[in-house]
Amino acid sequence: AVVSTQSTGMAIGARSQSARTYLERHKDNFKDVEDLGELVAHALRALRDCLPNDSELTTKNVSVGYVGTEVPFTMKDDDEVAEYLKMIEEEKVAVPATGEEETMETQ
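From a predicted model like this one, the values you see are computed outputs, not experimental measurements.

## As for a nonpolar patch on the surface
In step 1: The grouping of V67, F73 and M75 at the surface amounts to a nonpolar patch, some 330 Å² of accessible area in total.
In step 2: As for its placement among the helices and strands, V67 is situated in strand β1 (residues 64-68).
In step 3: With relative accessibility at 61%, the residue V67 sits in the exposed group.

Structure below.
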């Protein structure tokens, strides 16, 4: 049996509310994006917003998987994830409790 589902973005698990909020706020930006890197960067931003303050995303704690209508399931681990992490490393991190933002360097 083939199960097909269409999803714009999804977050599940402990501490996932911040990720769901990010995905809901940015879902209109996903529609016209053709660059896989940009979509992965959105996913990493959502994931980053779920982390405790003393944690950060690294090549050791992040794997990226993707699939498309003409793209078979692909998994990126370790150094293959580094290019995606570099895309977001200098960006500001949302801090939901106060509404302020901090850079990754000041956490």
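Here the narrative resumes, following the displayed structure.
## A closer look at helix α2 (residues 36-48)
In step 1: Taking 1.5 Å of rise per residue, the 13 residues of α2 would be expected to cover 18 Å, and the 18 Å separating its terminal C-alpha atoms lies within 8% of that figure.
In step 2: Three or more residues of α2 are buried, namely G37, V40, A41, H42, L44, R45, A46 and R48.

## Here we look at unusual backbone geometry
In step 1: We note that D78 has phi near 45°; this positive angle belongs to a residue other than glycine.
In step 2: By the secondary structure assignment, D78 is in the loop between β2 (71-76) and α3 (79-88).
In step 3: On the accessibility criterion, D78 (39% relative accessible area) is partly exposed.

## Digging into the environment of E89
In step 1: By secondary structure assignment, the location of E89 is in the loop between α3 and β3 (92-94).
In step 2: Taking the C-alpha atoms as reference, E89 lies 9.5 Å from R45; in sequence the two are 44 residues apart.

## Let's talk about the pairing of β2
In step 1: As paired elements, β1 and β2 share four bridges and run antiparallel to each other. If you follow Y66 over to β2, its bridge partner there is T74.
In step 2: Connecting β1 to the antiparallel partner β2 that follows it, the hairpin turn spans two residues.

## Digging into α3
In step 1: By the burial criterion, the buried members of α3 are V81, Y84, L85 and I88. The buried residues of α3 all sit within an arc of 100° when viewed along its axis, so they share a single face. Along α3, exposed side chains directed more than 90 degrees from the buried face belong to D79, E83 and K86.

Rules used in this analysis
Residues numbered from 1 in each chain as written. Predicted model: local features only at pLDDT ≥ 70, side-chain atom pairs only at ≥ 80, totals over all residues. Heavy atoms only, no water. Patch = residues over 30% accessible without salt bridge, like charges linked within 9 Å, V, L, I, M, F, W, Y side chains within 5 Å. Areas by Shrake-Rupley, 256 points an atom, 1.4 Å probe, with all protein chains shown as cover. Salt bridge = Lys/Arg side-chain N within 4 Å of Asp/Glu carboxyl O. Helix = DSSP H or I, 4+ residues; strand = E, 2+ residues; numbered from the N terminus. Buried < 20%, exposed > 50% of the residue type's maximum accessible area, 1.4 Å probe, protein only. Expected span 1.5 Å × (residues − 1). Pairing = 2+ DSSP bridges. Arc of directions from axis to C-beta.

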